[in-house]
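# Topology and contacts: notes
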Amino acid sequence: AERAGIRRWNIITDPGLGFAKTTAHSLQILKEGERFAGMLGGPVLWGGSRKRFIQDVAGVEVAAERDAGTHAAHMYAVGRDSTGGSMVRVHDV
C-alpha cells in the first residue's frame, strides 16, 4: 500500500476475526492482539461484532443478541493493544 502512495497513518490492520476462521482461530487472534498491534506499526481494526465465535463461546444463537459478547471481545482486544491505536467495528452505535 505504501508503495502505491498510501501514507502509513492511513493504513489499518484488520486480522479478520471470524472470516474463514474457526472459533479457535479467532480466540487465538484475540489472545495475541499485541502482535497485530505492532505488526505494521499502526492501528488495528477489531471487527468481532456478532460473529459466530461469540455464539460458540457464549451460546447465544441469535446474532442480534450477541452484543454483550461483542463488547467483551472488543474490550479484551483493545486492552491488549499497547499502541492505543485500536478501532472497533460494530453494528449498533
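Our structure is the block above this text.
Counting restarts for each chain, with residues numbered from 1 along the sequence as it is written. Given that the model is predicted, a residue must reach a pLDDT of at least 70 before its local features are reported, and side-chain atom pairs must reach 80 or more before they are shown or counted; all residues, however, enter totals for whole chains, interfaces and linings. Hydrogen atoms and water are omitted, and side-chain values are computed over all heavy atoms in the structure.

### A closer look at the overall build of the protein chain
Using the following cut-off: By the criteria applied, helices consist of DSSP H or I runs no shorter than four residues and strands consist of E runs no shorter than two, each listed in order from the N terminus. Radius of gyration: over C-alpha atoms. The globule rule applied is 2.2 Å multiplied by the number of residues raised to the 0.38 power. Buried means the residue's accessible area, taken with a 1.4 Å probe over protein chains only, is under 20% of the maximum for its type, while exposed means over 50%, and partly exposed covers the values in between. Method for areas: the Shrake-Rupley scheme with a 1.4 Å probe, in which residue coverage is limited to the protein chains shown. In this charge count, Lys and Arg are treated as positive and Asp and Glu as negative; neither His nor the chain ends contribute. Where a charge lies is defined by one atom per residue type: Lys uses NZ, Arg uses CZ, Asp uses CG and Glu uses CD.
Counting its regular elements, the protein chain contains four helices and two strands. Listing each helix as α and each strand as β along the protein chain from the N terminus yields α-α-β-α-α-β. Relative to a compact globule of 93 residues, whose C-alpha radius of gyration would be 12 Å, the protein chain shows 14 Å and is just as compact. Along the longest, intermediate and shortest principal axes, the C-alpha atoms of the protein chain span 45 × 25 × 25 Å. Burial statistics for the protein chain: of 93 residues in total, 31% are counted as buried. For the protein chain, the accessible area works out to roughly 5900 Å², and carbon and sulfur atoms hold 57% of it. Here the protein chain contributes 12 positively and 10 negatively charged side chains, and the mean placements of these two sets differ by 7 Å.

### What about the nonpolar core?
Applied cut-off: The set of buried Ala, Val, Leu, Ile, Met, Phe, Trp, Tyr and Cys residues whose side-chain atoms join them within 4.5 Å is what this entry labels a nonpolar core.
Grouped together as the largest cluster of nonpolar side chains are nine residues: Leu17, Ile29, Leu30, Val44, Trp46, Phe53, Ile54, Ala73 and Ala77. Taken together, the elements giving at least two residues each to this core come down to α1 (23-31), α3 (52-58) and α4 (67-79).

### Describing α1
Note the following rule: The directions from the helix axis to the C-beta atoms form the arc being described.
The set of residues buried in α1 consists of Thr23, Ser26, Ile29 and Leu30. All buried residues of α1 lie within an arc of 125° about the axis, which places them on one face of the element.

### With respect to unusual backbone geometry
Positive phi outside glycine occurs at Ala20, with the angle close to 55°. Relative to the helices and strands, Ala20 is located in the segment before α1. The backbone of Arg50 sits at a positive phi, close to 60°, despite the residue not being glycine. Assignment of secondary structure puts Arg50 in the loop between β1 (45-46) and α3.

### Describing the side chain of Gln55
Stated formally: Contacts were defined at the residue level, with two residues in contact if any of their heavy atoms lie within 4.5 Å.
Residue position: Gln55 is located in helix α3. Overall, the relative accessible area of 16% leaves Gln55 in the buried class. Setting aside residues up to four positions removed in sequence, Gln55 forms contacts with Val60, Glu61 and Arg66.

### Examining the pattern of salt bridges
Basically, it comes down to this: What counts as a salt bridge is simple: a side-chain nitrogen of Lys or Arg found within 4 Å of a carboxyl oxygen of Asp or Glu.
All chains considered together, the criterion is met by three salt bridges. The partner of Glu2 in a salt bridge is Arg8, with the nearest N and O atoms 2.6 Å apart. On the accessibility criterion, Arg8 (35% relative accessible area) is partly exposed.

### Quick notes on the environment of Gly69
Within the fold, Gly69 resides in helix α4. Classification of Gly69 by relative accessible area gives partly exposed; the value is 22%.

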